Amino acid sequence: MPISTSSAVASMNSLADLDVLVIGAGFSGLGMLYQLRKRGYTTRVIEAGDDVGGTWYWNRYPGARCDSPSEVYCYFFDDQLLRDWNWSRRYPVQPEILRYLQHVAERFELRRDITFDTRVLSAHFDEAAHHWVTQLSNGERLTSRYLVTAVGCLSDYEIPAFKGLERFQGEWHHTARWPKDGVDFTGKRVGVIGTGSTGIQAIPVIAESAAHLYVFQRTPNYSIPARDRVMTDAERNEVKAHYREIHDNIIHTTLGQRYAMKAGSAFDVSDAEREAIYEADWQKGGFAIMFNAWEDLYTNAAANETLASFVRRKIAETVKDPKTRELLTPRDHPIGTKRPPLDTRYFETFNRDNVTLVDVRSAPIVEITETSLRTSTDDYPLDMLVFATGFDAMTGALFNIDIRGRGGMALKDKWADGPLTYLGLASHGFPNLFTITGPGSPSVLSNMPISIEQHVEWISDCLEYMRGKDLAVIEAEPDAEEAWTRHVGEVAAPTLMTQVESWYLGSNIPGKPRRFVSYLGGVGPYRDICQQVADDGYRGFTLSKAG
Ligand code: NA7
């Protein structure tokens, strides 16, 4: 049902154009707009793309799909929406998620408050007026009481500075900027650089139509079969009958998913019992094997090795050529310490005659010529190049906007040594700014829509509190922010995840401070902390009236 705004009032008694300006129209921005409009706040969403979707608008590469099961990868704010929408597969593909978000936009008439094809260039806090002044790429300048970033954690895509790329005569694309009309690989010699979650999804699909596919791999990855399949009516009905229960349960879990780690150690059971459990979860597919495992999997290297070696054996059983098999076998990091990919026939793809794995660890890429990619030892003639080379995660998209708080301080400067946030939601010196799934919150270590809805609700409640008490400015206190940032680091420190290079730590971006910025304390505990902060009158924030 559309929400009526006819009776809505810009009740904040402000001279600003808007109550709230939201940046981004993906899952976060749409959810935020829905909740704010429902409460009567004048809101405008600014979106760079020409339609809604965010991550699912940009990432149209072949094989793109969600690694969370469809029944939990959705909004839970509206029962009728939950009842009406029918997911077709266990793991929804990109076009289906995009259709879902377009459906949400239509159903709640959200597009009328979204400005498309427009970027936010800068946002500066006007201390005298207590509002944000935002400059848009279309020349508009807007003022708003509050600014909410809904820019996504993985939206600033990264192309490594390969020498000669500008000379390449063939077609090339980054997976996160895939053409809407698709790409035809038929009869082409295609090179894919990158074997993270994205490359692992794209490679099997590209291999089906390319004349020859060269996969340039620097680091082999543990990948788990998704075992995606069509959802039956019976399964869908079962899920629909229990939506509320599912939701009320997963919001208190570690990941916002229907997984539960086993208490104790992987060594509490015999080798045979453990193997049988791993085998059953492997056959189930998806993250079950990673996130139904024992709690010490991510803190005890020996426990981790029990699962890592299990997956290595599976790779060995699948890949026929001994040299390729060895190159595809990860040995340099514990399993799950980098973002674990899910796949559909990834390792099987390397048994095809038209696929060649190239190890660019031992012989790095040195340049791209007009017609080829050159490593330190060989030259690979190519017609097309695909960059599945990842993102400047968590802060990249925020730093692309010139965000300035009190005293003209740039967010980029304040966070030069790593993000400093209170709850991942706010930063001292940047009043009335909220960062949905910002650094310091569970974000990428959780089922994103669940974390997004929690932030959206928390921010909406906070604005209601402010309005109810006639308050104009909310700002994180430095002590609260310091303590929270320390806590985020302390929770991550004992885990194996801080001991390897990964985009979780920013290691993929040259010069980026190496910090683990996602909160590993779990979605449920994090939610409780945020709620307690609100219940205590927004403890750790300074709230003040205008003037
Ligand atoms: P990732 O996980 O950051 O993967 C990027 C891949 O690109 C990874 O295999 C990198 O190798 C590789 N890469 C990056 N730079 C180079 C150079 N210079 N040479 C060779 N190979 C390179 O990004 P994804 O898009 O796959 O996944 C991001 C997230 O999106 C995903 O986890 C989901 O949450 C959604 P490396 O491992 O660094 O050796």
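Residues numbered from 1 in each chain as written. Predicted model: local features only at pLDDT ≥ 70, side-chain atom pairs only at ≥ 80, totals over all residues. Heavy atoms only, no water.

### Focus: the pattern of salt bridges
Applying the stated criterion to the full structure yields 37 salt bridges. With its nearest N and O atoms 2.6 Å apart, the salt bridge here joins Arg89 to Asp228. Residue Arg89 is found in the loop between helix 3 (79–84) and helix 4 (94–107), and its partner Asp228 is found in the loop between strand 10 (224–225) and helix 6 (233–241); the two are separated by 139 residues along the sequence. Here Arg89 falls in the partly exposed class, since its relative accessible area comes to 25%. Between Asp392 and Lys512 there is a salt bridge, and its shortest N-O distance comes to 2.6 Å. Of this pair, Asp392 sits in the loop between strand 16 (384–387) and helix 13 (396–399) while Lys512 sits in the loop between helix 16 (478–492) and helix 17 (523–535), placing them 120 residues apart in sequence. (Salt bridge = Lys/Arg side-chain N within 4 Å of Asp/Glu carboxyl O. Helix = DSSP H or I, 4+ residues; strand = E, 2+ residues; numbered from the N terminus. Buried < 20%, exposed > 50% of the residue type's maximum accessible area, 1.4 Å probe, protein only.)

### Quick look at the packing of helix 15 (residues 448–468) against helix 17
Two elements in contact, helix 15 and helix 17, have axes whose closest approach is 11 Å; the angle formed by their N-to-C orientations is 5 degrees. Accordingly, the angle class assigned to the pair helix 15 and helix 17 is roughly parallel. Contacts from Ile450, Ser451, Gln454, His455, Glu457 and Trp458 of helix 15 reach helix 17 at Val523, Tyr526, Arg527, Cys530, Gln531, Val533 and Ala534. (Axes fitted to C-alpha atoms, helices over the stretch in contact; angles between N-to-C directions. Parallel < 35°, antiparallel > 145°, perpendicular 65-115°, else oblique. Contact = heavy atoms within 4.5 Å.)

### A short note on unusual backbone geometry
The phi dihedral of Asp117 falls on the positive side, at around 55 degrees, and the residue is not glycine. By the element assignment, Asp117 lies in the loop between strand 3 (114–115) and strand 4 (120–126).

### Things to note about the confidence of the model for the chain
On average, residues of the chain score 96 in pLDDT, and 97% of them are at 70 or above. Here residues 1–13 is a poorly scored stretch, pLDDT under 50, and it has 25 contacts once near neighbours within four places are set aside; other chains count. (pLDDT = per-residue confidence, 0-100.)

### Section: the nonpolar core
Core analysis: the largest hydrophobic core is formed by 82 residues, its most contacted members being Tyr100, Leu423, Trp458 and Phe541. Here this core gets nine residues from one element, more than from any other, and that element is helix 15. Non-local contacts of Tyr100, meaning those with residues more than four positions away in its chain, are made with Phe27, Cys74, Tyr75, Leu81, Trp85 and Trp87. Ranked by size, the runner-up nonpolar core spans 52 residues in total, among them Ala210, Ala266, Trp282 and Phe347. (Core = buried A, V, L, I, M, F, W, Y, C linked by side-chain atoms within 4.5 Å.)

### What to know about the sheet that holds strand 13 (residues 365–368)
Here we have three strands laid out as an open sheet, ordered 13-14-15, and antiparallel in their pairing. A single partner strand is all that each edge strand has here, and the edge strands are strand 13 and strand 15 (379–381). Taking the axes of each pair of neighbouring strands and ignoring which way they run, one obtains an average angle of 20 degrees across the sheet. Here strand 13 runs beside strand 14 (residues 372–375); their pairing, made up of three bridges, is antiparallel. Looking at the pairing, Ile368 lines up with Leu373 of strand 14. (Pairing = 2+ DSSP bridges.)

### Focus: the pairing of strand 6 (residues 141–149)
Of all the nine residues making up strand 6, eight are buried; the element is thus mostly covered by neighbouring parts of the structure. Across five bridges, the pairing between strand 1 (residues 18–23) and strand 6 is parallel. Across the sheet, Leu21 pairs through a bridge with Leu147, a residue of strand 6. One ladder, built from four bridges, connects strand 5 (residues 131–136) with strand 6; its direction is antiparallel. Directly across from Gln135, in strand 6, lies its bridge partner Arg141.

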